[in-house]
Amino acid sequence: MILKSGIISSVELDNRVIETLLNFYPEEKLSEHKVFKNAFSKGSITFNELKDISEKIHLPWQMFLLNLNNLKKELENIEANRLDKFPKNLLVIHKRKGKGEITSKRIIDRQIRIQSFVTSQLPDSFVCNFSGSLKSKNVQDAVNYIINYLSIDLEHFRTRDSAEKSKNYLIEKVQSQGNINVSQGVRTNGILPEIKNTFELFKSTSGFVVKDKKIPFIFLPSEINPDENHFRQIYTLLYLLVVIGMEEYSHAIESYSFKKVKDDKKFRHMNDIVSEILLPRSVTDNLATEDINKNLVNRLKEQYKISYTAILFVLRLRKKIDKDIQESLTLPQKEPSLFIEVKKWFAHPHISTSVKKFCGDIAFNKVNTAIKNNAIYPNQAQMIIFGRFRKDKWNDYKTKI
Amino acid sequence: MKIIDTNILNKFAKGEILLDLSEEFYLTEDLRNEIDNLGSISSEYDTKIKSMKFSNIEDYHYFNEAIYLENYKKFINKHNKIVSFYGLKGLADISILACIEMMVKPTNPTLFDTNRSIEVSTHDSNLKDALKEEFDGKITINDPIKQ
């Protein structure tokens, strides 16, 4: 394909390079974008077209000028960074049953880039003491340790007037006391690429951990996964915290079946820790099976900030209800509506709000400190926080830091 | 013609080195991406940047984008070690190399005064090495931080 300056032919781009780049995030189907379809059919693309589309798909236009060997080296570096942070099995099986789509490697790469910057700002001797601290602890000891380590006031957590506020309280504790960064999916301000069906694509994204000895990252899908209400996110947050505490990074939840949790010793142990924090046995021990109904489950949900489905799951694990009762109390599954979610997030927050959420508080503060001290060039800062150059948003962003 | 690298500009804006403010400096788009509102948190910093005279290389009459892109492709592959797409580093260096190549080896010599001297101010050793390798004896490499 010829790269043109206006109507003048400039230089030939290797079609294999373009195809390789466009398939680096295969789930995004970038090669189906009309700009590239036209370019392939015409055999040319103008420099302006290349710059515009590169900005939209969050890939630097300069990468399209690489030869195949150099491109492969670049992509191998990115892949090596992924493998350094994620066990190979997790990168392959990031699938959720029934959804057929995968956790976005784009988001994984963005989070790794943010984390790399954060850790580069810390001394080599800096370590996250929470990592591995739950190993060999029984459920109750692990629960006590987490609550003390993070200075969680459970009464305060449970009495927030919404699950969202309870979640935010936990996130604040995990970050400020645990030195663990919590980043979240956002669908505002073009933080994620502007591609066809962007949010359809990312909606199956699960929570995950980006391991690191200095600052582990927890990613919560939040806005991008309409299936993940605040109750579920609270559970996910605590579960991923336990993953870090146990250093069980290769642990992936492909399916959350009762049998799997019951029979898998490690899975059961990790699940029991989270359940005990959210819904202590002392609460469920005195429940009589005949008293367990939808009203009670709903009351527990609001009181303890644990999802309705999770309560039924815990009650069954604790042998308070059997499969039949669980099924009879299970609410019909509603297909999450993207439309409702879009309206909800249509609030147009300031760019710094979107960046703070996507990067997490620890990373947000580190990047801002570096910007203030001129310790990072604007284009590098933009690559970290926006995933691309955003001259339009950059000035706005700086006004708030 | 004087081209200034971001590291020199940054030192100047922080008050760590002095530059001749009567000089006009030429910037490529990649340099502008690094420099645009560089830091720009303190007003003193901004004031210093604004006290300088900049011109866009693309606005210069001899600038030929088609040739520039051809050069860019050549150098981004040849000097790939100075570029990091991960941290988005080194792209301004490639743009400087691509521009100078266009100036010292103009396709149409009548458009460009090849006798005009070119000076690059940089403290980046990788860029200095690449400039020496490509244009030794044809341009001046200046490091105000070392002086």
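Owing to the predicted nature of the structure, the values given are computational and were not obtained by experimental measurement. (Residues numbered from 1 in each chain as written. Chains lettered and ligands numbered in written order. Predicted model: local features only at pLDDT ≥ 70, side-chain atom pairs only at ≥ 80, totals over all residues.)

1. Overview of the interface of chain A and chain B
Counting residues at the interface gives 31 residues for chain A, matched by 26 residues for chain B. Elements that contribute at least two residues to the side of chain A that touches chain B include exactly β1 (2-5), β2 (8-12), α4 (68-85), α20 (361-372), α21 (378-385) and α22 (391-399) of chain A. For the side of chain A that touches chain B, the class distribution of residues is 15 nonpolar, 11 polar and five charged. (Contact = placed C-beta atoms within 7 Å. Helix = DSSP H or I, 4+ residues; strand = E, 2+ residues; numbered from the N terminus. Nonpolar A, V, L, I, M, F, W, Y, C, P; charged D, E, K, R; others polar.)

2. Topic: the domain arrangement of chain A
All names here are of chain A. According to the domain assignment, chain A contains domain 1 (2-74) and domain 2 (88-329). Inter-centroid distance (C-alpha atoms) of domain 1 to domain 2 is 39 Å. On the domain 2 side, the residues contacting the seven residues of domain 1 number nine residues. For the side of domain 1 that touches domain 2, the class distribution of residues is three nonpolar, one polar and three charged. (Domains from an automatic or database assignment.)

3. Here's the deal with the nonpolar core
Residues and elements named next belong to chain A. One finds Ile218, Leu237, Leu238, Leu241, Val242, Ile311 and Val367 to be the most contacted residues of the largest nonpolar core, which totals 135 residues. If one sorts the elements of this core by residue count, helix α11 (residues 230-246) sits on top with 11 residues. Taken domain by domain, the makeup of this core includes at least three residues from each of domain 1 (2-74) and domain 2 (88-329). The residues contacting Val242, other than those within four sequence positions of it, are Leu134, Met270, Ile273 and Val274. (Core = buried A, V, L, I, M, F, W, Y, C linked by C-beta atoms within 7 Å. Buried ≥ 20, exposed ≤ 12 C-beta atoms within 10 Å, placed from the backbone.)

4. Quick notes on the confidence of the model for chain B
Taken over all residues, the pLDDT of chain B has a mean of 85, while the share at 70 or more is 87%. Two numbers describe this predicted complex: its pTM, 0.87, and its ipTM, 0.91. (pLDDT = per-residue confidence, 0-100.)

5. As for unusual backbone geometry
Residues and elements named next belong to chain A. We note that Ser136 has phi near 65 degrees; this positive angle belongs to a residue other than glycine. As for its placement among the helices and strands, Ser136 is situated in the loop between α6 (105-120) and α7 (139-149). Even without glycine at this site, Ser222 takes up a positive phi of about 45 degrees. Note that Ser222 resides in the loop between β6 (217-220) and α11.

6. Considering the pairing of β2 of chain A
All names here are of chain A. Pairing between β1 and β2: four bridges, direction antiparallel. Counted as the bridge partner of Ile2 is Glu12 from β2. Linkage of β1 to β2, two consecutive antiparallel strands, is achieved through a turn of two residues, within which Gly6 is found at a positive phi near 65 degrees. (Pairing = 2+ DSSP bridges.)

7. Looking at the packing of helix α15 (residues 294-304) of chain A against helix α16 (residues 308-317) of chain A
Residues and elements named next belong to chain A. α16 packs onto α15 with a crossing angle of 110 degrees between their chain directions and a minimal axis gap of 9 Å. Compared by their axis directions, α15 and α16 come out roughly perpendicular. Note that α15 runs across α16; the crossing there is right-handed. Of α16, the residues touching α15 (which contributes Val297, Asn298, Leu300 and Lys301) are Tyr308, Ile311 and Leu312. (Axes fitted to C-alpha atoms, helices over the stretch in contact; angles between N-to-C directions. Parallel < 35°, antiparallel > 145°, perpendicular 65-115°, else oblique. Left-handed = near helix turned anticlockwise from the far one by under 90°.)

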